[in-house]
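Descriptive structure summary
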Amino acid sequence: MSDDLIDDFDLPEIPDDDGEDKFADAFDYQVSYKIAFVGVGQCGGRLAEGFWNLGYRSVCAINTSDEDLGGLKLPETNHLDLGGGGAGKDPEIARGAAADRDEDIYDLYKRTLGTESNYAIVSLGAGGGTGAGAYTKCLEVLRRYLDENNRPIRIGVVVALPRDSEGQKPAKNALRVLQDLLKEELAPFIIVDNERLHSLFKKVGPGKFWPTCNAHVCRTFHLFNRISSQAGGAVSFDRQDLSQVLDAGIVTFGASNVKEHTEVGISKVIRSQLSQTTLAELDLRTGDKAGCIFICGPTAYEEVDTETLEHGFGMFNRILKANSAVFRGIYPGKEEGMKCFSIVGGLAAPRARMESLAKIAGVPLDG
């Protein structure tokens, strides 16, 4: 046997680590939680795109129409076309298209979501075909993906309800989807109502309508993820406070300027922003977790007395059900004036909206 060293073969090259994290969010500020977003169908894809535009980078979109995917401002590698050329408001077509695509969906998650998320949120339109039909498979694979990558199974949903004028089929789809989703352990559970969107943004032109609406929903939700990471408040609403509200189930939220820095003015603003939100109408009396945050400009931070702000916090204690928790925040802002942000969790399902959908669909409302 030769004593010569064997050196006539090539060792595999290990590529240098360039230090770039492709899943790193594109924020120049801190946020509390790393959140992944999966958009299913046309509506779901638009919502996912809204979060991408804010700077989130663990984002992907799934559809049965390559044309709908091509209209999104997401990298093509973040798309998955299930095929079929669209579902045409028929969830069964999308359900069939997704039925045997487990590994393709898993691979999409692997290349776009990363393995560092604290929450994963699936967005969909409940009245259409692809969102209503393919979301179940997307949720199933997402649970497996998170589990196999040792991530917490904290999955939420943003579900959009159709307008009444869309007709019987979308209403029937939406009612079934909403009823099925309510059986899942999903948190946060955010219900967008397109009927209210059209009422609030009726003066926005068709070219800007959906970008404006989706940006409003996504930006408001994002604000809580940003505010809860900030230090330096006189009273801090921190990441643990936010998680308690988000983990409570169905949530609603709102944000607005406070023009009158009085007890009455603050109470009016809070009630208004939660009743005129783009989200579905919910009974605040059924909630058990809330966050109320004030950002006060230089003058307001020095001159508005604490008792006035306490009146806003106290209002939530009076509205919410017994043994509720209200998390508070008071922060200094750079701009003059005052802003208020409110979020409520643990809410009951939107019974009145479900009844109206059942009436349009011509079916009984179960339960």
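Here goes a summary of the coordinates provided. Since the model is a prediction, treat every value here as computed from it, not as a measurement. (Residues numbered from 1 in each chain as written. Predicted model: local features only at pLDDT ≥ 70, side-chain atom pairs only at ≥ 80, totals over all residues. Heavy atoms only, no water.)

Each regular strand shows side chains that alternate between the opposite faces of the sheet. Among the five residues in strand E2 (residues 59-63), five count as buried, and that is most of the element. Where burial is concerned, the two faces of E2 agree: the one with Val59, Ala61 and Asn63 and the one with Cys60 and Ile62 are both buried. By the bridge criterion, four bridges tie strand E1 (residues 35-40) to E2 in an arrangement that is parallel. If you follow Gly39 over to E2, its bridge partner there is Ala61. Assessed by its sense of winding, the connection that carries the chain from E1 through helix H1 (residues 41-54) to E2 is right-handed. (Buried < 20%, exposed > 50% of the residue type's maximum accessible area, 1.4 Å probe, protein only. Helix = DSSP H or I, 4+ residues; strand = E, 2+ residues; numbered from the N terminus. Pairing = 2+ DSSP bridges. Right-handed = clockwise from strand over helix to strand, strands pointing away.)

Another aspect to go through is the pattern of salt bridges. Summed over the entire model, instances satisfying the criterion amount to 19 salt bridges. Between Lys34 and Asp25 there is a salt bridge; the shortest N-O distance is 3.2 Å. A salt bridge links Arg163 to Glu195; the nearest nitrogen and oxygen atoms lie 3.8 Å apart. Of this pair, Arg163 sits in the loop between strand E5 (155-161) and helix H6 (168-181) while Glu195 sits in helix H7 (residues 194-200), placing them 32 residues apart in sequence. On the basis of relative accessibility, which here comes to 28%, the residue Arg163 falls in the partly exposed class. Classification of Glu195 by relative accessible area gives partly exposed; the value is 25%. (Salt bridge = Lys/Arg side-chain N within 4 Å of Asp/Glu carboxyl O.)

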